[in-house]
Amino acid sequence: MEFSELQRQSSTIAHGYHGAQQLMRLQSKSVVSNQNGPQFNWGSPPSEGGEEGDVGPPKDLRERPMTMRLKRAIREVQQMRVPVVTSWQSWKRSKAKSLSRFRADAGGVMSYVALWRKALHKIGGHFGGGVQSYFMFLRFLVVLNFLSFLLIAGFILIPSIVFRSTSTSNMTVDSTGPEVCKVYDPNLQGLVVFYQYFLDLLSGTGFMEYSYMFYGYYNNTVAESSGFHYNLPLAYLLTSVFYFTFCLICIVARMGSALRVAVATGSGAAGSYSKMVFTGWDYGCQGDRATKLKQKSIHYQLQVDLEEERLQKKALSLTLGQTVGLCSLHIFLMLVSLALIGGAFFGIFKATVFSQAQVGAEGILGLFWVYLPSIVITTGNFVVPFMCDQIALFERYSPSTTIIMALFRSVFLRMISLGVLLFTLWSQITCFKDSPKCELCQYNNKEYPCWETRVGQEMYKLALFDFLITIAMLFLVEFPRRLVVDHYSCALTRWVGRQEFLVPPNVLGLVYGQTVVWTGALFCPLLPLINTLKFFILFYCKKVTLFSNCRPAVKTFRSTTSTIFFLVVLLFGWGLALVAMIYSLAQIHPSMSCGPFRSLTMMWSIVPNTFDTLSLTTQDFIFYMGSQAFSIPLFIFSCVVLCYVAALAAVYGKSVDLLKAQLKLEGRDKQFLVKQIEELSREMGVPTRDQLDTFDTGAAN
Amino acid sequence: MGNKQTIFTDEQFEAYQDCTFFTRKEILQLHGRFHELAPHLVPLDYTNQPDVRLPLALIVSMPELKENPFRHRIVEVFSEDGQGNMSFNDFVDMFSALCETAPRELKTIYAFKIYDFNVDNFLCKEDLEKTLNRLTKGELTPEEVNLVCSKAMEEADLDGDSKLSFSDFENMISKAPDFLSTFHLRI
């Protein structure tokens, strides 16, 4: 009969959505009431079920959406059942279980050792994922700097200390060249004024200059004693190169996991409303204040999304004249902001030139001249983004575009200002314009007898000033602001309000600090250690200010995309530092009066020199690696692998689209068939699904 | 606080460790929290599996749940009788499903159950509206609520029946990268 056919069809469709039915008898009555509609059968297990004895260790039980009572009952049934397995398999299974138990316990212990775990937990609960990702980034940088310091200490610092203390069996090669170039007197005075030490600490001169801190102290010793051969200049160079590679690997590895999640879940633009509604609430939110803020931020986010839609609709409906006007406004304001940034760069250039000319000035004024580039950079980093924000108010972009533009401007400003500083220094050292000064020693030996130390000092000053300014801001601006806002309430304080913890500017500060360290590590080997301490103290300071002075930002930053953004900006900084390092290694003549490379015309030439001393077979092997017979097949092979992976990705994307379309079609088919059944049953006078429903629920109650 | 031996038998520990994502220490910690909620009702000795159920009002007074807008639904979903009276088994089950190591599929199933206010195994427009109102504490105007709900429904409803079945919901959640980190109760 036609009707029973249709009924069977509909029940097969319905059952097609159910899993295996073996454990139905263990269901409690409240679970599945309505058999006809398509639904997820809460009762049936997601995998093949507990019947087979040798598959599914009890671990599967945890992932089933059943009540605990049911799970324990199933577990008892599983244990009581005599497994038809060999003793080898049961031994294997018990070992696997104890291994996973051991791993869980070890994980528990390891999480105690993880740095700042509880603090991050608390921050995440009170201020959300965006702020927590800033602190996790800070923790990553602390660990990275500490590991780099261990690297440098192991290969440069400790051998240097050892060789200095046992100075008999070393040989130092003296440099060839004019005598005047080899003069370097790092100002070791006997009796100094008491505050001179403090000034020296802040500017890296005096007692700090000729110490392990800076490049100039290291000798180009090649230690040879009873079969042990250690070439310090080579070690210095290779450690620096390896330090950069190590940092790159760490950053890329960390980015990999975040990118995988981001790529798998696709672009965030589509489906944002449904995601907002269902995944917007952070269940880990604790505390009354945090909850209210979270609600406000969800409210704000929804309003922003609705606003963006309105703007988009309006943009589509603009006339030609209005579009032209809007475009010209955008271009004009872009030029204005670029002019502001260019003005900041010019200021930095002038300040650096002036500061380098004032070497030797005494006292507090001398300190001020010495710190002038850092002061100008920091002032620029405050003033220019503020003015760009004011300009952005006129630009009338959509809210998300405004945020992205502001971020890019800040990144551009910070990185390029550091680049301008470096460029100025380099032009002074190698005198681009003024040739007579550099004719003798190929570098400006009058003003820079040991130019690497001077560059190291400059980077040290930048790092230190950055740290001091952050601490000063904390004590002189943020704490007083909170005190004022909390105790006096007038219109002004209410408008200003409490400090908001803005994640992007703080992250840019961290990236700037790290870039300075990377640039300076070649010239100031202890800089990673200083940076570790600086970031370590910064963590606690920022945590204190977060909890006492700040209110969470209403405009939140998404935590997954933000990790990727932070690491990308960090890579920019790394690239800038890499360019600086390559230029120093390959272009500038090392100082003849100090440092491990004093006898060479180029820092990199230590490598070919050592290369010549290797055995012939090693030389041949390395030549072979670089020759065409090896590198071309390698290149072709990598191209093949790349094409394969790209093709695989394309195929997966296509199959995902196909499956989505199929899902839609099946849904429509199902609806059509169900309608057919209802029509037919109405025609035949058989009770419909809704009538059956009321009967069911009536019987159950 | 008794020592391990007097609260649970080893066999009970094994059962809990197999059925949840917790270690022994965490199970004991959870028992401590459960006991704290009603010290005169909850016995310290669970070796003979007493059947003690705490009412909904007590459970939602926990600091982790107090401010959560969905706290009533969460407790109702994880309680056996559907009314919010939780035994210790249900209590552990709730925190296990919402912990860090629970897999995405399990969390999606429970999220669906939590947001399904009228318990009809579908997320209809009323369910969405209730969810949204609890999220924003009624700060949005009714037109905005309506607009957001229709947009959300449009985006997620794949088979076009103007309500979200579990497969629609699952598909939408799979594209949300933050789901695992936000749908997570810290204890």
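For every chain, the first residue of the written sequence is number 1, and numbering continues from 1 along that sequence. For this description, chains carry letters from A and ligands carry numbers from 1, given in the order in which they are written. Since the coordinates come from a predicted model, pLDDT governs what is reported: local features require at least 70, and pairs of side-chain atoms require 80 or more to be given and counted, while whole-chain, interface and lining totals use all residues. Heavy atoms from the whole structure form the basis of all side-chain values; hydrogens and water molecules are not counted.

1. Thoughts on the overall build of chain A
Put simply, the test is: Going along the chain from the N terminus, every DSSP run of H or I of four or more residues is numbered as a helix, and every run of E of two or more is numbered as a strand. Summary of the burial criterion: residues with accessible area below 20% of their type's maximum are buried, those above 50% are exposed, and those between are partly exposed, where the area comes from a 1.4 Å probe applied to protein chains only. Contacts are residue-level and defined by heavy atoms, with any inter-residue pair within 4.5 Å sufficient. Per-residue and other accessible areas were derived by the Shrake-Rupley procedure at a 1.4 Å probe size, with only the shown protein chains allowed to occlude residues.
Summing up its helical and strand segments, chain A has 24 helices and 4 strands in all. Out of the 701 residues in chain A, the part that is buried amounts to 41%. Contacts in chain A between residues at least 24 apart in sequence constitute 75% of all its contacts with a sequence separation of at least 6. For chain A, the accessible surface area stands at approximately 38,200 Å², while carbon and sulfur atoms represent 67% of it.

2. Regarding unusual backbone geometry
Residues and elements named next belong to chain B. Its identity as a non-glycine residue notwithstanding, Gln-49 has a phi of 50 degrees, on the positive side. Within the element layout of this structure, Gln-49 appears in the loop between α3 (24-37) and α4 (56-59). With relative accessibility at 48%, the residue Gln-49 sits in the partly exposed group. You will see that Val-119, though not glycine, has its phi angle at about 50 degrees, which is positive. Its location among the elements puts Val-119 in the loop between α8 (104-115) and α9 (125-136). In this structure Val-119 comes out as exposed when scored by relative accessible area, which is 61%.

3. Let's talk about the interface of chain B and chain A
As a reminder, the rule being used: A 1.4 Å probe defines the accessible area here, and the buried area is the portion of it lost by two parts on being joined, summed over both. Definition used for salt bridges: Asp or Glu carboxyl oxygen within 4 Å of a side-chain nitrogen of Lys or Arg. Throughout this description, a polar contact denotes any pair of N or O atoms lying within 3.5 Å of each other; where both atoms belong to protein, one of them has to be capable of donating a hydrogen while the other can accept it, and for residues adjacent in sequence the pair is counted only when both atoms sit in side chains. Residue polarity follows a fixed list, in which Ala, Val, Leu, Ile, Met, Phe, Trp, Tyr, Cys and Pro are nonpolar, Asp, Glu, Lys and Arg are charged, and the others, Gly among them, are polar.
Contacts between the two partners involve 71 residues from chain B and, on the opposite side, 60 residues from chain A. When chain B packs against chain A, the two sides together hide about 6,400 Å² of surface, and 58% of this comes from carbon and sulfur. It is Asp-18, Leu-135 and Arg-186 of chain B in chain B that bury the most area against chain A; as a group they hold 12% of the surface buried on that side. Run the count over chain B and chain A and you get 4 salt bridges. Taken together, the connections running from chain B to chain A amount to 10 residue pairs in polar contact (both at pLDDT 80 or more). At 8 residues, the largest contribution of residues to the side of chain B that touches chain A is made by helix α2 (residues 10-19) of chain B. Per-class residue counts for the side of chain B that touches chain A are 36 nonpolar, 15 polar and 20 charged.

4. Things to note about the UniProt feature "transmembrane region" (unreviewed entry) in chain A
All names here are of chain A. Selection criterion: UniProt positions are given in the numbering used here, feature names are shortened, and annotations may be inferred rather than shown by experiment.
In this structure's numbering, the residues bearing the UniProt feature "transmembrane region" (unreviewed entry) are residues 140-163, 234-253, 323-348, 368-394, 406-426, 459-477, 564-586 and 630-652. Its end C-alpha atoms 34 Å apart, residues 140-163 is made of 100% helix and 0% strand. Overall, residues 368-394 shows 96% helix and 0% strand. The separation of its end C-alpha atoms is 38 Å.

5. Overview of helix α11 (residues 166-174) of chain B
Among the residues of α11 of chain B, those classed as buried are Phe-166, Asp-168, Phe-169, Asn-171, Met-172 and Ile-173 of chain B. Those residues of α11 of chain B that are buried are in contact with α9 (272-279) of chain A together with α8, α10 (142-156) and α12 (179-182) of chain B.

6. A word on the packing of aromatic side chains
Spelled out, the test is: Planes of paired rings set the category: under 30 degrees apart is stacked, over 60 is edge-to-face and the rest tilted, where pairs are Phe, Tyr or Trp rings (Trp by its six-membered ring) whose centres lie within 6.5 Å. When the NZ atom of lysine or the CZ atom of arginine is within 6 Å of a ring's centre and also within 35 degrees of its normal, the charge is said to sit over that ring.
Under the criterion given, the structure shown has 50 aromatic pairs over all chains. Both rings, one in Phe-475 of chain A and one in Phe-479 of chain A, keep their centres 6.1 Å apart while their planes meet at 15 degrees; by these two values the pair is stacked. With Phe-475 of chain A and Phe-479 of chain A both in helix α16 (residues 451-487) and 4 residues apart, the pair spans about one turn of that helix. Phe-479 of chain A gets classed as partly exposed once you look at its relative accessible area, which sits at 21%. Site record: aromatic cluster; members linked through ring pairs are Phe-278 and Tyr-283 of chain A together with Phe-70, Phe-112, Tyr-115, Phe-166, Phe-169, Phe-179 and Phe-183 of chain B. Between Arg-72 of chain A and the ring centre of Tyr-16 of chain B, over which it is positioned, the NZ or CZ distance is 4.7 Å. The positively charged end of Lys-163 of chain B is found above the aromatic ring belonging to Phe-122 of chain B, 4.3 Å away from the centroid.

7. Some thoughts on the pattern of salt bridges
All names here are of chain B. Going through the model one piece at a time under the given rule, you end up with 11 salt bridges over all chains. The shortest N-O distance in the salt bridge between Asp-10 and Arg-24 comes to 3.3 Å. Placement of the pair is Asp-10 in helix α2 and Arg-24 in helix α3, with a sequence separation of 14 residues. On the basis of relative accessible area, Arg-24 is assigned to the partly exposed category, the value being 25%.

8. Regarding the domain arrangement of chain A
All names here are of chain A. What counts, and what does not: Where each domain begins and ends is defined by an automated method or by a domain database.
Domain boundaries in chain A define domain 1 (127-167 + 185-268 + 285-613) and domain 2 (614-679). Each partner contributes to the interface: domain 1 provides 4 residues, whereas domain 2 provides 5 residues. Contact between domain 1 and domain 2 buries roughly 360 Å² in total, counting both sides, with carbon and sulfur atoms accounting for 61%. In terms of surface lost to domain 2, no three residues of domain 1 exceed Phe-611, Asp-612 and Thr-613, which account for 96% of the buried area on that side. Counting across the interface, domain 1 meets domain 2 through 0 salt bridges. At the boundary of domain 1 with domain 2, the tally comes to 2 residue pairs in polar contact (both at pLDDT 80 or more). Each residue belonging to the side of domain 1 that touches domain 2 can be placed in one class, and the counts come to 1 nonpolar, 2 polar and 1 charged.

9. What to know about the domain arrangement of chain B
All names here are of chain B. The domain boundaries assigned to chain B delineate domain 1 (10-98) and domain 2 (104-182). Each of domain 1 and domain 2 has a C-alpha centre, and the two are 27 Å apart. With 10 residues of domain 1 at the contact, the number on the domain 2 side is 12 residues. Where domain 1 abuts domain 2, roughly 1,000 Å² becomes buried across the two surfaces, and 74% of that area is made up of carbon and sulfur atoms. Where domain 1 touches domain 2, the interface holds 0 salt bridges. Along the contact surface separating domain 1 from domain 2 lie 4 residue pairs in polar contact (both at pLDDT 80 or more). Of all the secondary-structure elements, those providing two or more residues to the side of domain 1 that touches domain 2 are α6 (71-78) and α7 (88-97). Of the residues that constitute the side of domain 1 that touches domain 2, the class distribution is 8 nonpolar, no polar and 2 charged.

10. Section: the confidence of the model for chain B
Predicted coordinates in areas of low pLDDT are best not read in detail. Residues and elements named next belong to chain B. Stated formally: Confidence of the predictor in every single residue is expressed as pLDDT, which spans 0 to 100.
Within chain B, residue pLDDT values average 85, and 97% of them lie at 70 or more. Confidence, read as mean pLDDT per element, is least for helix α1 (residues 4-7) in chain B (64) and greatest for α8 (91). For this predicted complex, the interface confidence comes out at an ipTM of 0.80, alongside a pTM of 0.72.

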